[in-house]
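Secondary and tertiary structure notes
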Amino acid sequence: MLAHAGRGATLHVTTDGHPAQLVDLCSMTENTILGLNDPWVKLKQISYLLSERPHYVTIRMGSDLYYRVANRVLRCFDPAGRGEYVVNLRECTGSGAVEAALHAAWKAAAVQPGRRKLASFKGGFHGSNLGGILASEHQAHRGSGRVLVDRADNVEFLPVPRADDDGRLTEETLATLAALDRDGDQYFAVILEPIPWRNAVHVVPTEFLRRLREICTRKSICLIFDELQNGFGYTGTISYSEICGVRPDIAVMGKGLTSGHGALAIVVAARALKEFAAPFGFKSNSGSMLSLVAVDAVLDRLLGMDPAEAPTLPAWLPPRLADELRTGLLESVYPRAVGMIDEMLARLRQRFPELAGPEKGLGLMRGLVMLGPDRRPSELRAADAARMCLANGVHVRQADTAIFIKPCMVISQSEIDQAYGALTRTFEQIERADR
Ligand SMILES: Cc1ncc(COP(=O)(O)O)c(C=O)c1O
């Protein structure tokens, strides 16, 4: 399948030479919060390109855009502007940013040599460089001998934190917290994804995050949120900390950041964690200003422009785009997009009760558990469904026993209708094959 054009959630492709249209319910593999070819991001990039402003700035020099983007991101973590956090804007990939976060936590803990352990969680994924691989339990290559180093004896993989149906943390989860509390002096960091989607789009219970925060503070463990997946809009905010009320010591973000208009990942760290040892962080190709222009434009789109700058919008801008830029999509469009996904999933579950199991996830990071012929959650079924969906005109991914749905925020009702049609065709085909 070749993708050759697209706008929003719609993708024009050719399959075996035949033209076709696809609704992308996974925002180009989770990267494009604004869908394809966002007009504002492109406009800002074009105008920057046509100017004489530097398209690249070496690490030895500053740039007003660095400070502008850093300050905008910082306000999401520190609205009162107390200067509690710092930002690193020099990583090109999420994996690089995760590694930088680990280095920062490691350096801060160096004064206590007994603090060597990293706590991570089962099913979690934190990247594909060595730091990311060592911190992840979810690695297809583990043990295959194909990875230079695939395990470290100081990384503990803890059970996925869960709550019962009544919202109480499970015994196993309480035991995890108790163990961390007991052995906390041995850990330099805990890393976790607030929504580890590879675990069938599981949402970590907020109560767990609260208690974990309390232990990490008391035991001086660095709490790292890997927000590569959920950050920058997919759950309605820039950072998950704004939803759960738990502030990490370090947050790592990428993907939605530039909405696919350039490679960049960022690390937001508490001031006490602002250093990592040389040579980590010296990235030669990390000064592309076009990626920063993109983040700045994505922030305009998600949060709305600075009111002082709104009068500078050109009069020829389409009125809807201008309106959206005044209010910000998180306020104006996100609830509508979530509502459309809610409704689509509810309709699918109602129409295919024997195939479509529980709904998982949050906001625009959603999962639909697929049931096998024995009516139990089935990985195989989810894999089949994801594969067949593509042939039927909708892109979803497999997430363990669920199909993963992570649409761009600007998805339209007609795109949702098309996606529903393609999902329906897929589910009907599965049902027919079962008979
Ligand atoms: C949760 C999480 N962390 C880290 C990464 C690594 O990001 P990248 O692929 O940009 O290196 C990913 C990539 O999928 C991810 O999902």
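Along each chain, residues carry numbers from 1 onward, in the same order as the chain's sequence is written. The model is predicted, so local features are restricted to residues of pLDDT at least 70 and side-chain atom pairs to those at 80 or more, both for listing and for counting; the totals for chains, interfaces and linings are taken over all residues. Working from all heavy atoms in the structure, the side-chain values ignore hydrogens and water.

Our working rule: UniProt positions are given in the numbering used here, feature names are shortened, and annotations may be inferred rather than shown by experiment.
The chain is annotated in an unreviewed UniProt entry as Aminotransferase class III-fold pyridoxal phosphate-dependent enzyme of Actinoplanes flavus. Under Sequence similarities (unreviewed entry), UniProt gives the following word-for-word description of the chain: "Belongs to the class-III pyridoxal-phosphate-dependent aminotransferase family." Annotation of the chain in UniProt includes, under Cofactor (unreviewed entry), the sentence "pyridoxal 5'-phosphate".

**Examining the overall build of the chain**
What counts, and what does not: Secondary structure elements are taken from DSSP: a helix is a run of H or I of four residues or more, a strand is a run of E of two residues or more, and numbering for both begins at the N terminus. For accessible areas, the Shrake-Rupley method is used with a probe of radius 1.4 Å. Any residue's cover is judged against the shown protein chains and nothing else. Only four residue types enter the charge count: Lys and Arg as positive, Asp and Glu as negative, with His and the chain ends excluded. Here the site of a charge means atom NZ of a Lys, CZ of an Arg, CG of an Asp or CD of a Glu.
The helix and strand inventory of the chain stands at 14 helices and 15 strands. For the C-alpha atoms alone, the extent of the chain along its principal axes is close to 65 × 60 × 40 Å. As presented, the chain carries roughly 19,300 Å² of accessible surface, and 53% of it is formed by carbon and sulfur atoms. Between the averaged position of the 50 positive side-chain charges in the chain and that of its 50 negative side-chain charges there is a distance of 2 Å.

**Section: the environment of Gln-350**
Cut-off, in case you're wondering: Burial status follows relative accessibility: with a 1.4 Å probe on protein chains alone, a residue under 20% of its type maximum counts as buried, one over 50% as exposed, and anything between as partly exposed.
Relative to the elements of secondary structure, Gln-350 occurs in helix H12 (residues 334-351). What makes Gln-350 exposed here is its relative accessible area of 66%. Each C-alpha atom, one on Gln-350 and one on Gly-81, is 48 Å from the other, the two residues being 269 residues apart in sequence.

**Structural notes on the site of the ligand**
Definition in use: One heavy atom within 4 Å of a molecule or strand is enough for the residue carrying it to be called near that molecule or strand. Nitrogen and oxygen atoms within 3.5 Å of one another constitute a polar contact, given that in protein one can donate a hydrogen and the other can accept it, and given that sequence-neighbouring residues count only through two side-chain atoms.
In the vicinity of the ligand, the contacting residues are Thr-93, Gly-94, Ser-95, Phe-125, His-126, Gly-127, Glu-193, Arg-198, Asp-226, Leu-228, Gln-229 and Lys-255. Ser-95 places a side-chain nitrogen or oxygen 2.5 Å from an oxygen atom of the ligand. A distance of 2.7 Å is found between a nitrogen atom of the ligand and a side-chain nitrogen or oxygen belonging to Asp-226. About the coverage of the ligand: the protein hides 84% of its 390 Å² of free accessible area.

**Structural notes on the pairing of strand S10 (residues 265-270)**
How we decide: Being paired, for any two strands, means DSSP has found at least two bridges between them.
Burial within S10 is extensive, with 6 of its 6 residues counted as buried. Covered by surrounding structure in S10 are Ala-265, Val-267 and Ala-269 together with Ile-266, Val-268 and Ala-270, the residues of both alternating faces. The pairing of strand S9 (residues 250-253) with S10 spans 4 bridges and is antiparallel. By the bridge assignment, Ala-251 is partnered in S10 with Val-268.

**Focus: the pairing of strand S8 (residues 222-226)**
Most of S8 is tucked away, with 5 of its 5 residues classed as buried. Burial along S8 is two-sided: the face carrying Cys-222, Ile-224 and Asp-226 and the face carrying Leu-223 and Phe-225 are both buried. Both strand S7 (residues 187-192) and S8 contribute to a ladder of 4 bridges, which runs parallel. Across the sheet, the residue bridging to Ile-191 is Ile-224, located in S8. As paired strands, S8 and S9 are joined by 3 bridges and run parallel to one another. Residue pairing across strands places Phe-225 opposite Ala-251, the latter belonging to S9.

**Focus: helix H4 (residues 94-108)**
The following threshold applies: The span expected for a helix works out to 1.5 Å for each residue beyond the first.
The end-to-end C-alpha distance of H4, which contains 15 residues, comes to 21 Å, matching closely the 21 Å that a straight helix rising 1.5 Å per residue would cover. Burial analysis of H4 places 11 of its 15 residues in the buried class, which makes it a mostly covered element. The set of residues buried in H4 consists of Gly-94, Ser-95, Gly-96, Ala-97, Val-98, Ala-100, Ala-101, Leu-102, His-103, Ala-104 and Ala-105.

**Thoughts on the sheet that holds strand S15 (residues 402-405)**
Picture the strands of a sheet paired through backbone hydrogen bonds; they go either parallel or antiparallel. How we decide: Helix axes are fitted only over the stretch in contact, all axes being lines through C-alpha atoms; the angle between N-to-C directions runs from 0 to 180 degrees. In this description, contact between two residues means that some pair of their heavy atoms is separated by no more than 4.5 Å.
Taken together, the 4 strands give an open sheet; going across it, the order is S11-S12-S15-S14, and neighbouring strands pair in antiparallel fashion. The open sheet has two edge strands with one neighbour each: strand S11 (356-362) and strand S14 (397-399). Pairs of neighbouring strands in the sheet enclose a mean axial angle of 30°, with direction left out of account. The pairing of strand S12 (residues 365-370) with S15 spans 4 bridges and is antiparallel. What sits directly across from Leu-368, in S15, is Ile-403. Strand contacts of helix H13 (residues 379-392): S12, S14 and S15, with the helix running at about 170° to S14, the strand carrying the most contacts.

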